[in-house]
Amino acid sequence: MNSEESAKIFAALAQETRLDVFRLLIKAGDKGLSSGEVADSLNIRQNTMSTNLSILHNAKLVRRKREGRMIRYFVNMETIGVLLTFLLEHCCGGESDMVSELVTSLQKGFNQSN
């Protein structure tokens, strides 16, 4: 990942509705949510929701899977992992133990949420 890619991710999350959608999808875990379920949960019009999900998808923060006429959305944990690695690669003045502890803690949190 480079600075341009990470800036695109942060730009996608720098809007309140999209941040709420992203957090809701994190909570949904492996089962994901349809666009309608997300819209209903957040009390947002469907056309607005589709636009926001598209922006999150283009930033590779969510992935989607077609199920008949419905599309189910999931958080793309791979992108989150790559982003965190990019942000932390020069962390803590080179003290690799601190980075290792942080990464291990984050991985435990991801595994518990999924």
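See the structure printed just above.
Source: prediction; values computed, not measured.

Let's shift gears to the overall build of the protein chain. Regarding its fold elements, the protein chain presents six helices and three strands. Starting at the N terminus and ending at the C terminus, the protein chain contains elements arranged as α-α-β-α-α-β-β-α-α. Out of the 114 residues in the protein chain, the part that is buried amounts to 32%.

Moving on, we get to the pattern of salt bridges. Under the counting rule described, the total for this entry stands at two salt bridges. Two residues, Glu-37 and Arg-72, come together in a salt bridge whose shortest N-O distance is 3.5 Å. Here the residue Glu-37 occupies a position in helix α3 (residues 35-42), and Arg-72 occupies one in strand β3 (residues 70-75), the gap between them amounting to 35 residues. The exposure class of Glu-37 is partly exposed, given its relative accessible area of 34%. A relative accessible area of 15% places Arg-72 in the buried class. The shortest N-O distance in the salt bridge between Glu-67 and Arg-72 comes to 3.1 Å.

Attention now goes to the nonpolar core. In summary, soluble globular proteins display a tendency toward joint burial of nonpolar side chains. Of all hydrophobic cores here, the largest spans 21 residues; its most connected members are Val-21, Leu-25, Val-38, Leu-56 and Leu-61. Put simply, the parts of the chain that give this core at least two residues each are α1 (3-13), α2 (16-28), α3, α4 (46-58), β3 and α5 (77-88). Here this core takes five residues from α2, the largest share from any one element. Those residues within four positions of Val-38 in sequence are excluded, and the remaining contacts are Val-21, Leu-24, Leu-25, Leu-33 and Met-49.

Further remarks concern the sheet that holds β3. If you trace the three strands from one edge of the open sheet to the other, you get β1-β3-β2, paired in antiparallel fashion. Of all the strands in the sheet, the pair left with one neighbour each is β1 (33-34) and β2 (62-67). Helix-sheet contacts for α2 involve β1, β2 and β3, and the interaxial angle to β3 is about 90°.

Okay, α3 next. Considered for burial, the residues of α3 that qualify are Ser-35, Val-38 and Ala-39. The arc that holds the buried residues of α3, viewed along the axis, is 100°, so those residues lie on one side. Here the buried face of α3 lies against α2, β1, α4 and β3.

Reading the values: rules and limits
- Residues numbered from 1 in each chain as written.
- Predicted model: local features only at pLDDT ≥ 70, side-chain atom pairs only at ≥ 80, totals over all residues.
- Heavy atoms only, no water.
- Helix = DSSP H or I, 4+ residues; strand = E, 2+ residues; numbered from the N terminus.
- Buried < 20%, exposed > 50% of the residue type's maximum accessible area, 1.4 Å probe, protein only.
- Salt bridge = Lys/Arg side-chain N within 4 Å of Asp/Glu carboxyl O.
- Core = buried A, V, L, I, M, F, W, Y, C linked by side-chain atoms within 4.5 Å.
- Contact = heavy atoms within 4.5 Å.
- Pairing = 2+ DSSP bridges.
- Axes fitted to C-alpha atoms, helices over the stretch in contact; angles between N-to-C directions.
- Arc of directions from axis to C-beta.

Any link to function would need more than the numbers given here.
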